[in-house]
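What the coordinates show
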Amino acid sequence: VMSDGAAFFYLGDLFHHACEVEHLDWVSHGDAAQAATSRERVLREIIATDGLAVTSHERFPGWRRVTHDDAGYRMTPD
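Residues numbered from 1 in each chain as written. Predicted model: local features only at pLDDT ≥ 70, side-chain atom pairs only at ≥ 80, totals over all residues. Heavy atoms only, no water.

1. Quick notes on the nonpolar core
Soluble globular proteins tend to pack their nonpolar side chains together in the buried interior. Among the nonpolar cores identified, the biggest contains 14 residues, and Leu11, Leu43, Ile46 and Met75 are the most heavily contacted of them. Mapped onto this core, the elements with two or more residues apiece are β2 (6–10), α1 (32–48) and β5 (72–77). Ranked by the residues each element gives to this core, the list is headed by α1, at three residues. Excluding residues that lie within four positions of it along the chain, Leu11 makes contacts with Val42, Ile46, Ala53, Val54, Thr55 and Met75. (Core = buried A, V, L, I, M, F, W, Y, C linked by side-chain atoms within 4.5 Å. Buried < 20%, exposed > 50% of the residue type's maximum accessible area, 1.4 Å probe, protein only. Helix = DSSP H or I, 4+ residues; strand = E, 2+ residues; numbered from the N terminus. Contact = heavy atoms within 4.5 Å.)

2. With respect to the pairing of β5
Direction of pairing for strand β4 (residues 64–69) relative to β5: antiparallel, over a ladder of six bridges. Looking at β5, one finds that His68 is bridged to Tyr73. A loop of two residues connects β4 with β5, the two strands running antiparallel in sequence. (Pairing = 2+ DSSP bridges.)

3. Quick look at unusual backbone geometry
With an omega of -10°, the peptide bond running from Phe60 to Pro61 counts as cis. Mapped onto the elements of the fold, Pro61 is located in the loop between β3 (52–54) and β4. Even without glycine at this site, Asp4 takes up a positive phi of about 50°. Residue placement: Asp4 occurs in the loop between β1 (2–3) and β2.

4. Looking at the pattern of salt bridges
Enumeration according to the criterion identifies five salt bridges in this entry. Close ionic contact of Glu22 with Arg74 constitutes a salt bridge, the shortest N to O distance being 3.8 Å. Remark: Arg74 occurs in strand β5 and Glu22 occurs in the loop between β2 and α1; sequence separation between them is 52 residues. The exposure class of Arg74 is partly exposed, given its relative accessible area of 26%. Ionic pairing is found between Glu58 and Arg64, a salt bridge with its closest N-O pair at 3.4 Å. (Salt bridge = Lys/Arg side-chain N within 4 Å of Asp/Glu carboxyl O.)

5. Some details on the packing of aromatic side chains
All told, the structure shown has one aromatic pair when counted by the stated rule. Measuring from centroid to centroid gives 5.3 Å for Phe60 and Trp63, while their planes differ by 90°, and the two rings are edge-to-face. Given the relative accessible area of 73%, Phe60 is considered exposed. The class of Trp63 is partly exposed, set by a relative accessible area of 36%. (Phe/Tyr/Trp six-rings, centres within 6.5 Å; stacked < 30°, edge-to-face > 60°.)

Here you go:
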């Protein structure tokens, strides 16, 4: 969702929990390689827009920022 220059991403079944952002290969069903590719594409978009993201199984309020460094991706509370 884009509104007034801000971005929000509801990650649905792409990421069930924030911990999966650090482990793109943790997939409970489906094609793990394709999931990792899709996950990385969305994470790059979240970072590029400085968007907020929420996974589908987090306690309220579950929205977070996504960061990336040499160790990989992370979700941190906003």
